[in-house]
Amino acid sequence: MQTVVGVAVVRDGLVLAAYRPDAGWEFPGGKVEPGETDEQAAVREIREELDLEIKVGESLGPGVDISADYRLHVYLANAVAGDPVLREHSELRWFAAAELVEADWLEPDRPFVRALRTRL
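Residues numbered from 1 in each chain as written. Predicted model: local features only at pLDDT ≥ 70, side-chain atom pairs only at ≥ 80, totals over all residues. Heavy atoms only, no water.

J.: What is the right way to look at the overall build of the protein chain in this model?
T.: Tallying secondary structure elements over the protein chain gives two helices and eight strands in all. Along the chain direction, N to C, the helices and strands of the protein chain fall in the order β-β-β-β-α-β-β-β-β-α. Against the 2.2 N^0.38 benchmark of 14 Å for 120 residues, the protein chain shows a C-alpha radius of gyration of 13 Å, consistent with a compact globule. Projected onto its principal axes, the C-alpha positions of the protein chain cover 35 × 30 × 25 Å. By the burial criterion, 42% of the 120 residues in the protein chain qualify as buried. Here the protein chain displays about 6100 Å² of accessible surface, and carbon together with sulfur accounts for 47% of that area. With 13 positive and 23 negative side-chain charges, the protein chain shows a spacing of 3 Å between the two charge centroids. (Helix = DSSP H or I, 4+ residues; strand = E, 2+ residues; numbered from the N terminus. Rg over C-alpha atoms; globule rule 2.2 N^0.38 Å. Buried < 20%, exposed > 50% of the residue type's maximum accessible area, 1.4 Å probe, protein only. Areas by Shrake-Rupley, 256 points an atom, 1.4 Å probe, with all protein chains shown as cover. Lys, Arg positive; Asp, Glu negative; His and termini not counted. Charge placed at Lys NZ, Arg CZ, Asp CG, Glu CD.)

Okay, structure coming up:
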């Protein structure tokens with residue numbers, strides 16, 4: 001089973017989300033490459049996708065199966081440098097806790113949205 005990391009990037013009490021028009025909001029991230037830890041993959045993916053530097057923190061809970069081949073793990077992270085650059089998604093948005101509505105998110109991300117609301 002391949003691990004995919006999502007990253008709940010937080011800055012000033014807001015969390016960054018990325019939008020895919022065919023699916024909804026998601027935590028940006030990607031696949032963990034061989035020899036990488038989840039945390040290393042999260043840093044690399046956010047740097048590549050958003051041109052942000054982050055400090056990875058705690059996991060938002062147990063992994064969620066995306067398919068028979070992929071399992072998603074989502075981590076909290078603080079943005080430490082840069083401003084997000086739109087590269088791979090159609091939109092980026094900073095959400096306050098009260099704005100996090102699970103129905104607007106990709107299905108595998110929804111349990112992490114619930115966990116995140118209690119931490120913002």
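J.: Would you take a moment to explain the packing of aromatic side chains for this structure?
T.: Think of a pair of aromatic rings as described by two things: how far the centres are apart, and how the planes are tilted against each other in angle. In the structure shown here, the tally under the stated rule is four aromatic pairs. Aromatic side chains F95 and W105 sit 6.1 Å apart centroid to centroid with 50 degrees between the ring planes, which places their arrangement in the tilted category. Taken together, the residues F95 in strand 8 (residues 91-95) and W105 in the loop between strand 8 and helix 2 (110-117) connect sequence positions 10 residues apart. Within the aromatic cluster, the residues linked to one another by ring pairs are Y19, W25, F27, F95 and W105. (Phe/Tyr/Trp six-rings, centres within 6.5 Å; stacked < 30°, edge-to-face > 60°.)

J.: What is the right way to read the side chain of E26 from this model?
T.: For E26, the location among the structural elements is in strand 3 (residues 24-26). Side-chain polar atoms of E26 contact the side chain of H89, separated by 2.7 Å. If we ignore the near neighbours within four places in the chain, the residues touching E26 are A17, A18, R20, H89, W105, L106 and D109. (Polar contact = N/O pair within 3.5 Å; in protein donor to acceptor, adjacent residues only side chain to side chain. Contact = heavy atoms within 4.5 Å.)

J.: Quick question: what am I supposed to make of the nonpolar core here?
T.: Buried together is how nonpolar side chains tend to be arranged in soluble globular proteins. Ranked by internal contacts, the top residues of the largest apolar core, which has 18 residues, are A8, V15, F27, L60 and L116. Of all the secondary-structure elements, those providing two or more residues to this core are strand 1 (2-11), strand 2 (14-20), strand 7 (70-81) and helix 2. L60 has contacts with A8, V74, Y75, L76, F112, A115, L116 and R119, leaving out every residue within four places of it along the chain. Among the nonpolar cores identified, the runner-up in size contains 15 residues, and L16, A41, L52 and V56 belong to it. (Core = buried A, V, L, I, M, F, W, Y, C linked by side-chain atoms within 4.5 Å.)

J.: Before we go on, may I ask you to explain the pairing of strand 2 in this structure?
T.: Put simply, side chains in a regular strand alternate between the two faces of the sheet. By the bridge criterion, two bridges tie strand 1 to strand 2 in an arrangement that is antiparallel. Bridge assignment links R11 to a residue of strand 2, and that residue is L14. Hairpin connection, strand 1 to strand 2: the antiparallel pair is bridged by two residues, and D12 has positive phi, about 55 degrees. Taken together, the five bridges between strand 2 and strand 8 define a ladder with antiparallel strand orientation. Bridging from a neighbouring strand, Y19 pairs with E91 of strand 8. With three bridges connecting them, strand 2 and strand 3 associate as antiparallel partners. (Pairing = 2+ DSSP bridges.)

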